[in-house]
Amino acid sequence: MSRSWSRTSRVIAATATALAVLTACGGSGDDSSAAGSKGTDGKPVTITFWGWAKGSKDVVDAFNASHRNIQVKFEEIPSGTAGGYAKISNAVKAGNAPDLVSIEYSSLPEFVSSGALQDIGGEFTEADRAELLPQAVELTTLGGKTWAVPFDAAPQAFFYRKDLFAKHKVEVPKTWDDFRAAAEKVKKADAKARIATFFPDDPTTFEAMAWQAGAQWFKAENDTWKINTTDAATTKVAAYWQGLVDADLVHKNASFSPEWTGSLKNGTTIGYLGASWGAGVLKGTLPEQNGKWAVAPMPSWDGKPASGMLGGSTFAVTKGSGKKSAAVEFAEWMSTTEAGVKARIASGTSSAFPAATALRPVAKQAFDASYYGGQDIYALFEEAGASIGQNWSWGPTTGTTNTAIKDQFGKITEGGPTIADAIRTGHEATVTELKKRGLKVEG
């Protein structure tokens, strides 16, 4: 993964100068109630952790069972874009936030710029960082400071019902033109069935598609943010998906909703455009379909390997926590130890692709691939990761951008707002927010 990751991360690292202007001072995290991993009264340090990733409870249980000096209280919250980030932000503002939170790479700059997190550079040392993919570490290094422990990467992948593809005599698409042709064939074979779903509640899936196509929405040069969501790549992706929606070639359901899950269960949705972590999601959601699914590379525009990154999570310490050392120790255990990775993936619901490169064989061994007919899905993830686009970077207003797009995505109907309209609205909201923060903006 080194070549494409290093290029991508250089672009993201280039935003550090502009981000530093935004970054408020985080909490000191003086561990007043915890001296490293030992409580001042000799009792275990108890930290709270909020997250939503599959297998999180299993990891917490394994940690608590194997550690005496630190104990973790876990609360499962909605995924970030489904309300989790709002819950975290509100808790930070109210002064009752947990010690440790899960934050995707895309949203980390927003939390840093709002002063919601602590710099953990003193606890997450060079030796610790050396265990992780260097470029993943760069994604969590903003303004010259370290803000989170990287956990996984999330290259895109296409999951499909191989039994139904065979039944309908549909070939697995290699290009987006192939994908549309396959979508038409699926609909013709079964009027109720669709090859995949457009998620009106999830802008990040569209953004990953734009990333894959070569888009670059955010670019920091000196003290100016350059915003461009109307570039050729984004315009192409928006027009393509608008065509699929208009022709009723894909379902339009909220991600992970009862409607979406039901359509997978009854075979009226026979594909899922997701990411590496999606393998565990399907396995945990549809155990009765064991052996019926397979994984393929994401279709690309020219048939050559290409991927964006959909998600990918980190662990960050909130500014109000006085237990930073203990929180980082737990985060590192989850991310950089064989026991931590095994505990998550052995749960059967997680197919995480670790940022700790040495632990990928551990992840592969821990994940029971019989659900996918014994397919070596981690080899596919490695290839997809190597093809992640080079130019994408995240800006400091992801929440504002995605909320505006999501609101418009939900209104897309025949004769109503289009995908292009939604992206334009997101662009305008982003520019307005950046100017509101007193930043120079072009776009």
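Refer to the structure printed above.
Please read these numbers as outputs of a predicted model, since none were measured by experiment.

(A) Examining the sheet that holds strand β3 (residues 100-104) more closely. Spatial strand order, β2-β1-β3-β15-β6: five strands in an open sheet with mixed pairing. Two strands bound the open sheet, and with one partner strand each, they are β2 (70-76) and β6 (149-150). Pairing of β3 with strand β15 (residues 313-317) involves five bridges; the strand directions are antiparallel. By the bridge assignment, E104 is partnered in β15 with S313. Packing of helix α3 (residues 56-66) onto the sheet brings it into contact with β1 (45-51) and β2, and relative to β2 it is tilted by some 165°.

(B) A look at the packing of aromatic side chains. With the rule as written, the count across this model stands at 39 aromatic pairs. Aromatic pair F199 and Y272: ring centres 6.4 Å apart, planes at 65°, arrangement edge-to-face. Taken as a pair, F199 in the loop between β9 (197-198) and α10 (203-213) and Y272 in strand β13 (residues 271-275) lie far apart in primary sequence, 73 residues in all. In terms of burial, F199 and Y272 fall into one category: buried.

(C) Focus on the environment of G284. Turning to its location among the elements, G284 is positioned in helix α13 (residues 278-285). In the structure, G284 is positioned 87 residues away from Y371 in sequence and 10 Å away in space, judged by C-alpha atoms.

(D) Here's a closer look at the nonpolar core. Ranked by internal contacts, the top residues of the largest apolar core, which has 114 residues, are I195, W241 and Y372. Once you skip the residues sitting within four places of it in the chain, W241 turns out to touch W176, T197, F198, M209, V250, L273 and I419. Among the nonpolar cores identified, the runner-up in size contains 18 residues, and W50, A91, I103 and W147 belong to it.

(E) Representation of helix α18 (residues 398-409). In this model α18 runs 16 Å from its N-terminal to its C-terminal C-alpha over twelve residues, within 8% of the 16 Å that 1.5 Å per residue would give. By the burial criterion, the buried members of α18 are T398, T401, N402, A404, I405, Q408 and F409. Angularly, the buried residues of α18 cover 160° about the axis, an arc narrow enough to put them on a single face.

(F) Local environment of the pairing of β2. Summarising the sheet, β1 and β2 pair through seven bridges and their orientation is parallel. For T46, the partnering residue across the bridge sits in β2 and is Q71. After leaving β1, the chain enters α3 and then returns to the sheet as β2, a path that is right-handed.

Parameters and conventions
Residues numbered from 1 in each chain as written. Predicted model: local features only at pLDDT ≥ 70, side-chain atom pairs only at ≥ 80, totals over all residues. Heavy atoms only, no water. Pairing = 2+ DSSP bridges. Helix = DSSP H or I, 4+ residues; strand = E, 2+ residues; numbered from the N terminus. Contact = heavy atoms within 4.5 Å. Axes fitted to C-alpha atoms, helices over the stretch in contact; angles between N-to-C directions. Phe/Tyr/Trp six-rings, centres within 6.5 Å; stacked < 30°, edge-to-face > 60°. Buried < 20%, exposed > 50% of the residue type's maximum accessible area, 1.4 Å probe, protein only. Core = buried A, V, L, I, M, F, W, Y, C linked by side-chain atoms within 4.5 Å. Expected span 1.5 Å × (residues − 1). Arc of directions from axis to C-beta. Right-handed = clockwise from strand over helix to strand, strands pointing away.

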